[in-house]
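# Topology and contacts: notes
Listed below are the residues making up each chain.
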2 protein chains.
Amino acid sequence: MSKYVYFFAEGKADGNKGLKNTLGGKGAGLAEMTNAGLPVPPGFTISTEVCRIYGENNNKIPEDIWKNIWESLERLEKVTGKRLGDRENPLLVSVRSGAAISMPGMMDTILNLGLNDKTVEGLAKASNNSRFAYDSYRRFIQMFSDVVLQIERKLFESELVKIREKEGVKTDPEISIHGLKELIDKYKKTVKKEWGEDFPQDTRMQLKMAVLAVFRSWNNKRAIEYRRIYNIPDSLGTAVNIQTMVFGNFGEDSGTGVGFTRNPATGEKEIFGEFLINAQGEDVVAGIRTPLHINELNNVLPKVYKQLIGIAKKLELNYRDMQDFEFTVEKGKLYMLQTRTGKRTGMAALKMAVDMVDEGLIKEEEAIMRVEPSALEQVLHPMFDPEKRAKHEPVAKGLNASPGAATGKAVFTPEEAVEWAKRGEKIILVRPETSPDDIAGMSVSQGILTSTGGMTSHAAVVGRQMGKPAVVGCGDIHADEEGKKFEVKGKIVKEGDWISIDGTTGEVYIAELPTVPSEIIQVVTGKMKKEGAKLYHYFERLLGWADKYRKLGVRANADTPKDAKIARTFGAEGIGLARTEHMFFAEERLPLMQKMILAEKEEERREALSKLLPMQREDFYGLLKEMRGYEVTIRLLDPPLHEFLPKREEVTQEISKKKRILESMEFEAEHSEEAEKVVQELEAEIEKLKKLLLRIEELHEFNPMLGHRGCRLGITYNEITEMQARAIFEAAGRLTKEGEKIFTEVMVPLVGHVKEIEDQKRIIDKAAKEVMKEYGVKIHYRVGTMIEVPRAALTADKIASVAEFFSFGTNDLTQMTFALSRDDAAKFLKIYLEKGIWPRDPFQSLDREGVGELMRIGVEKGRKARANLTIGICGEHGGDPDSIEFCHEVGLDYVSASPYRIPIARLAAARAALARK
Amino acid sequence: MSKYVYFFAEGKADGNKGLKNTLGGKGAGLAEMTNAGLPVPPGFTISTEVCRIYGENNNKIPEDIWKNIWESLERLEKVTGKRLGDRENPLLVSVRSGAAISMPGMMDTILNLGLNDKTVEGLAKASNNSRFAYDSYRRFIQMFSDVVLQIERKLFESELVKIREKEGVKTDPEISIHGLKELIDKYKKTVKKEWGEDFPQDTRMQLKMAVLAVFRSWNNKRAIEYRRIYNIPDSLGTAVNIQTMVFGNFGEDSGTGVGFTRNPATGEKEIFGEFLINAQGEDVVAGIRTPLHINELNNVLPKVYKQLIGIAKKLELNYRDMQDFEFTVEKGKLYMLQTRTGKRTGMAALKMAVDMVDEGLIKEEEAIMRVEPSALEQVLHPMFDPEKRAKHEPVAKGLNASPGAATGKAVFTPEEAVEWAKRGEKIILVRPETSPDDIAGMSVSQGILTSTGGMTSHAAVVGRQMGKPAVVGCGDIHADEEGKKFEVKGKIVKEGDWISIDGTTGEVYIAELPTVPSEIIQVVTGKMKKEGAKLYHYFERLLGWADKYRKLGVRANADTPKDAKIARTFGAEGIGLARTEHMFFAEERLPLMQKMILAEKEEERREALSKLLPMQREDFYGLLKEMRGYEVTIRLLDPPLHEFLPKREEVTQEISKKKRILESMEFEAEHSEEAEKVVQELEAEIEKLKKLLLRIEELHEFNPMLGHRGCRLGITYNEITEMQARAIFEAAGRLTKEGEKIFTEVMVPLVGHVKEIEDQKRIIDKAAKEVMKEYGVKIHYRVGTMIEVPRAALTADKIASVAEFFSFGTNDLTQMTFALSRDDAAKFLKIYLEKGIWPRDPFQSLDREGVGELMRIGVEKGRKARANLTIGICGEHGGDPDSIEFCHEVGLDYVSASPYRIPIARLAAARAALARK
């Protein structure tokens, strides 16, 4: 029989940190800490397996498991010497959720369970504190009613307000015992009215209901939403932890707090955290009261502080990673309630990983695995332009909870955040505090600003986790949710007003501050010196390690020498995709391109092309020179020709305009020679425009994506390929003559049949031969193709008999494989993702099952026909970590990504290689 | 060492009819006839292998093969007792091409080879006929110069004209010996001038040059064109036959002719053919002189006629098929020069195949293999509407060389035929006679009309082979190629005038005669009785046999009860594709459909749909009833919604129009209440139109083929699927209740991911359950999908875990696999086919390599997941014989074709099954 319940007490636990999947993060941490001899209140964990059984069993738990639970309860009663429901010495427990992957605040927790009309008196006696006992009972009823009985919270809050008003006090602690007892009566009446039955006095029934409620909360709306955002499988399930209560609200020698073994925002090696004296745990996390910095504990309870510092060190050594822990002090005695690997910002992840290698705590490979590609993305995020910023005065300063610069329009509710974001607005969510209900709104915001809450408040934790700038606990601002505005230093900021927040400094501006690239980007682009660029230093070291372990090459998608240079500085080893069509859109070239398109005869076309040739040659010269020593893959003209012509509407409007002028001049023209001449010119222009219109209509396509483009252009107009090939080889020839090592790859787009590349290769080879003869040098070049049409992958063996390299164009390959137009998908993509039909947007993250299958076929058949075939990817998936992992698995030679994603790709490639080990 | 040269003489040949690939058709026939003891002039055949060697060897023949050839020549000299170049008793030979697949007239032939200034005298002596000898020499120089030396033919013709004028005669036979000798001198001078050297007097050199010229002619332009039209591989090569000359132009007891063992136009069992007295072979085939019917031979040379009848019978028994033979009579002695299986019209193919089974000559399986699907297509071709035709008087009557009715505009050159056809015009090619150079023009014409030539002339043979109606030898018309007109009975028909020809009767009309369906179609559609419909009788018997041997089921693509009925009569076993969108375009339905599309809320959409439901139910009721007892696959709504809305331009025009009216009424409206009301109404209408315009723009897609259509509609608007499913099941339920056996298959279109069909199946199953409950009957139904997205084929195992059947939608699958829009392909398809990049239009004939590979993957994965998965095809390839063969190979259960292609599909399916045996 499986083990469903895991006990922990007195230095010995059934579980350990290795059983995270079974016990959840919290349960595994409690077991581990117990085994390590740390002061953990005893208790037991119901495994995640039971959550699955609960789900499959029509939301019930089988009797034999209940039997296990009651046995564990009895064992806990023995250990603590207290009994659940005992009116003299009652055992009180907390009931908490805890999944394998932390989902902070998403699921339910019940504290003080075990209190009823009888045991409350026992607690009063045992604690010698009646006020504490009745306050605990009233809190328990309130929490149980909310979480288990699902009665609206505000019904209890309004009673609380009434009692405060009746007693004429301002805060809850001032309420008298009499008042608390009256409140409990009121609460019980509310329960009877709303739930239909009396508040349960049977404490085992309380426990049973609480356990079921926690399991139920695995599937509440916000938990599901959270799992969707973070790609957490629904099948994981939560564990339930039942643990003896300890009380941080026993008076001034009690308290509760959370801490980190290092600074989760910056990565600094310093204990970090917050605590509240005389408070229960939820008070800290919820961010309702602004807590004190953990170092203050040294002043209030120095012995506890010292003990905590020791424990923190021990935890980090044990877990070999930064820990996020919870503790409670009850009457001067320290209890550890939780430890887990702490969430951190990208910057902190980078610094900690490198620091820990330097400290000998972890190995380079581990460091690589510790830094998620998304963390690296964060450190590449822009920051405010220092010059522009200097012209503005911050209106307020809060806690710098999650670094980065964010600018957006202020909105005041998560619902509005979603609405505004849908409209394409950049927004900043401003809240008094955030709660798990705000998740959706937070995820669409540029940044988060709260007026209360500390560095470990919900807004802070989630902000860091999402990599979104957050300023929290900014007491100067007074957010008015209903009025949709906030007031700060006499100024009113309304919904839709621009604000900017700096999560690195905590500053808030009433302005739309422009941003500049991050420190790393500035170093890379030569705008900042390497020396003193601390972040860059960490960045460089980690990526240096990544290069050691990765198997995949990393190239850049770059069309200009400037992009190529940036890519090189970011560590690109060549260019995987240089698009040549961009070069035709330049102002002085477009007319030539249009002339070429409008040509009726080959000679005319050739003439226009011959004028474009030297321009293209210069483009290629710059690009090849910048990437000398590395392979540069240049793709021949790809888009349909109509993209180079003006829109139909523009031309018809122009014609109408000219016609109107013409009409207005008719009379004049009859009487003036000059006017007559103008009229003639106009007529000629109209004629020309009409011809243009005709050609535009000729070139119109119903499905341009599946139309006359790619190599189909080069095959129907060989002269285009000739021109481009010549331009490439002339540039390469000149550079080779100048002594540079140049490697060019000519990529034929949209090939679906081997004869297509055969046709184009013949032209390209001929141009190469001619140019080599003219320049008297040998040019290193290869001819290959993009694999972007399903047929190309399916017949890769045939195509590889001609093509010397492949590059998967997964943007188009995804379009064809799904029959999905990228430009039109928006209409139903959202519904598809909501319904879970597609797990992710296939244009963002490679569809392994379908598109990936074609890639697998393509690689296998291609290599079969040509063993040394170079295979890469140049679709946007080449910069997506998950897709890069797949590229590694499927055996590609390299990925090609946009210049700014090169570091991500290097890291992801290393992680893919290490993950397989 | 391979054998390169095959000898035949005196009842014994190296080869036989089985060696067609090596000896070509002609060579194999000569060998076979020799072995059968028929009178064949002796000779030898150089194998097709040598043609390949010639091509690979830089257009040269290796010395060792020449050695073989000379050895055979010497052997021939021994057998005949004559010697090549001997001035006393010279051997003369013909040198002819002959490929494995007959390409009539496409390649070159040289007759009378061996004549020179010396041997001509020997021939004069031996034949005792100087005029004959010099005429033969002059013909030989002319032919050799044309074919071997490639000197323009007209240079010789103009000399011929001059001599005739000089001698004051009208025809060539009237030219005196003196004149012939003078002509020979002139010819030799022309050769010297054009070729640069003297006409070769060395007879072995003549032979050598002639052999090389025949091999060269394999790659002349018209031969390549012909091979492209008939899909003959370029690698086949031609053989060269060198055969002792016999002369049909020795006088009135000589002659030459061609014959068929049965009538190739109608299939009647009667000897059929033509001959010319005192003529050489080419005169008959070229159609220059109108020959006599073969039965006339009985009057002229009764002994020869009798012998020929005997030989024809023998040939047919030997070959077990209708033979097309050539013969020459030299001074009363019959020689057989060729036999081959004769080309025939579709009607003849059908009749002969059935007749030969009845005669016990062949088996049913052979009969099936004898009738090409294209032959069957011919007998389904339309004929002229008898009533309409009765109102017109034929202007002329020629030979009914190839049956069928054709109407088109008259054109007079093959070049113009191609031009006009390109513009989409229907044309009839009118020529004095046709020649191999006319092939391209003939292939684009509706029919062919010639003024000279007989039933075995070029126009007749090619017309029958192409299945195009042809009227030949129509002496009443006088075609004027240069004047682009013809004159008939005083009427002038100019280029572009409508004419109609009936290849079944030989009649010509100056009119655009409307056509009516063929006899078979009339029987099938109930417009003619079966009894007395002879053709239908043959048709039914052959297809009956086909049904016995085929493995593939044959269903129809049919949307209406009418189509379903025709399909049934044609033998369809169910419906493979009923498109439901056509039903929404009906006049009374479109407004409801538009209302549904314009609805802003689900309820509005549901309301419109609820009105469409009973209409759809009636559609399905009719369809299912007609196909009762068989599976009917109904596809849910597929096209993008914008297809149901008016075009953007229409709406903007309508708005402008209404606005103009509005403006014109403004003054009036201020003074009249009635006008005021009209204005208000107009304003409301404009508002409505603007809303419509907005929705049209919202629905606009860049690539509708890859957009919001197929199951994506049903997934985003579940209510559409609900309505359609209900309509299907209510119809099925009612019929089931009425006691009919109904089998419905609900097909979900454009599925690419298993979760899509999961989503739709849930809705369909729910509707089925509800309707079954309401109607109290069990409805037999299955839910499946079209496989038309590459991803569906690639993940067929996953999809088959939900789908109960697959149907390959190869139209779209081809579009996606090639990244090729059907609507846009025209721009480059032609160039692709011309360049041979695609062997065939992939929308006409299934691309086995790419699309076929996806089908193979889909079938394999699908059956792996669900062993009893029914798999069909419903793309237009389902009616294409070559594609049907592939469907058989890949193991599909059925093909679905348009109703009129059902017979083709049945036959093709049987042929595929038999071909594999």
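Everything discussed here concerns the structure shown above.
Residues numbered from 1 in each chain as written. Chains lettered and ligands numbered in written order. Predicted model: local features only at pLDDT ≥ 70, side-chain atom pairs only at ≥ 80, totals over all residues. Heavy atoms only, no water.

Next up on the list: the sheet that holds strand 17 (residues 447–450) of chain A. Across a sheet, strands are paired by hydrogen bonds formed along the backbone, either parallel or antiparallel in direction. Residue and element names in this part refer to chain A. The strand order 13-23-22-15-16-17-18-14 describes an open sheet built from eight strands, whose pairing is mixed. A strand with exactly one partner marks an edge of an open sheet, and here the two such strands are strand 13 (396–397) and strand 14 (399–402). Here strand 14 pairs with strand 18 (residues 470–472) via three bridges, running antiparallel. Across the sheet, residue Ser402 finds its bridge partner in strand 18, namely Ala470. Where helix 17 (residues 414–422) meets the sheet, it contacts strand 15 (405–411) and strand 16 (427–431), and its direction lies at approximately 175° from that of strand 16. (Pairing = 2+ DSSP bridges. Helix = DSSP H or I, 4+ residues; strand = E, 2+ residues; numbered from the N terminus. Contact = heavy atoms within 4.5 Å. Axes fitted to C-alpha atoms, helices over the stretch in contact; angles between N-to-C directions.)

What follows covers the interface of chain B and chain A. Much of the literature gives interface size as the accessible area that the parts lose upon coming together. Contact with chain B, which involves 51 residues of that partner, is made by 51 residues of chain A. Surface buried jointly by chain B and chain A totals about 4500 Å² across both partners, of which 58% is contributed by carbon and sulfur atoms. Broken down residue by residue, the surface that chain B buries against chain A is led by Leu706(B), Arg791(B) and Glu849(B), which jointly contribute 14%. When the shortest N-O distance is used, the salt bridge between Asp759(A) and Lys835(B) registers 3.1 Å. Of all the secondary-structure elements, those providing two or more residues to the side of chain B that touches chain A are helix 26 (673–699), helix 27 (711–716), helix 29 (754–775), helix 30 (790–794), helix 32 (810–818), helix 33 (826–834) and helix 34 (851–865) of chain B. Tallied by class, residues from the side of chain B that touches chain A come to 22 nonpolar, 13 polar and 16 charged. (Buried area = accessible area lost by both parts, 1.4 Å probe. Salt bridge = Lys/Arg side-chain N within 4 Å of Asp/Glu carboxyl O. Nonpolar A, V, L, I, M, F, W, Y, C, P; charged D, E, K, R; others polar.)

This next bit is on the pairing of strand 28 (residues 743–748) of chain A. Residues and elements named next belong to chain A. Taken across its six residues, strand 28 has five buried, putting it largely inside the fold. Bridge count for strand 27 (residues 631–635) against strand 28 is five bridges, and the pairing is parallel. In the strand pairing of strand 28, Thr633 is matched with Glu745. Taking the sense of rotation as the criterion, the β-α-β connection linking strand 28, helix 29 (residues 754–775) and strand 29 (residues 780–787) turns out right-handed. (Buried < 20%, exposed > 50% of the residue type's maximum accessible area, 1.4 Å probe, protein only. Right-handed = clockwise from strand over helix to strand, strands pointing away.)

Residues and elements named next belong to chain A. A surface patch of like charges, here negative, comprises Glu663, Glu666, Glu670, Glu673, Glu676, Glu683 and Glu687. Among the elements of the structure, helix 25 (648–671) and helix 26 (673–699) are those that each provide at least two residues to the negative patch. In terms of residue count, the dominant contributor to the negative patch is helix 26 (four residues). Mapped onto the secondary structure, Glu676 falls in helix 26. (Patch = residues over 30% accessible without salt bridge, like charges linked within 9 Å, V, L, I, M, F, W, Y side chains within 5 Å. Areas by Shrake-Rupley, 256 points an atom, 1.4 Å probe, with all protein chains shown as cover. Lys, Arg positive; Asp, Glu negative; His and termini not counted. Charge placed at Lys NZ, Arg CZ, Asp CG, Glu CD.)

Now for the relation of the copies chain B and chain A. Of the transformation placing chain B onto chain A, the axial shift is 0.0 Å and the rotation is 180°, giving an RMSD of 0.2 Å. With respect to symmetry, the two chain copies, as superposed, fit the operation of a two-fold axis. Nearest to the rotation axis, the C-alpha of Asn703(B) is located 2.2 Å from it, this being the minimum over chain B. Most of the interface of chain B is mirrored in chain A, where 100% of its interface residues again form contacts. (Least-squares fit on C-alpha atoms with pLDDT ≥ 70 in both.)

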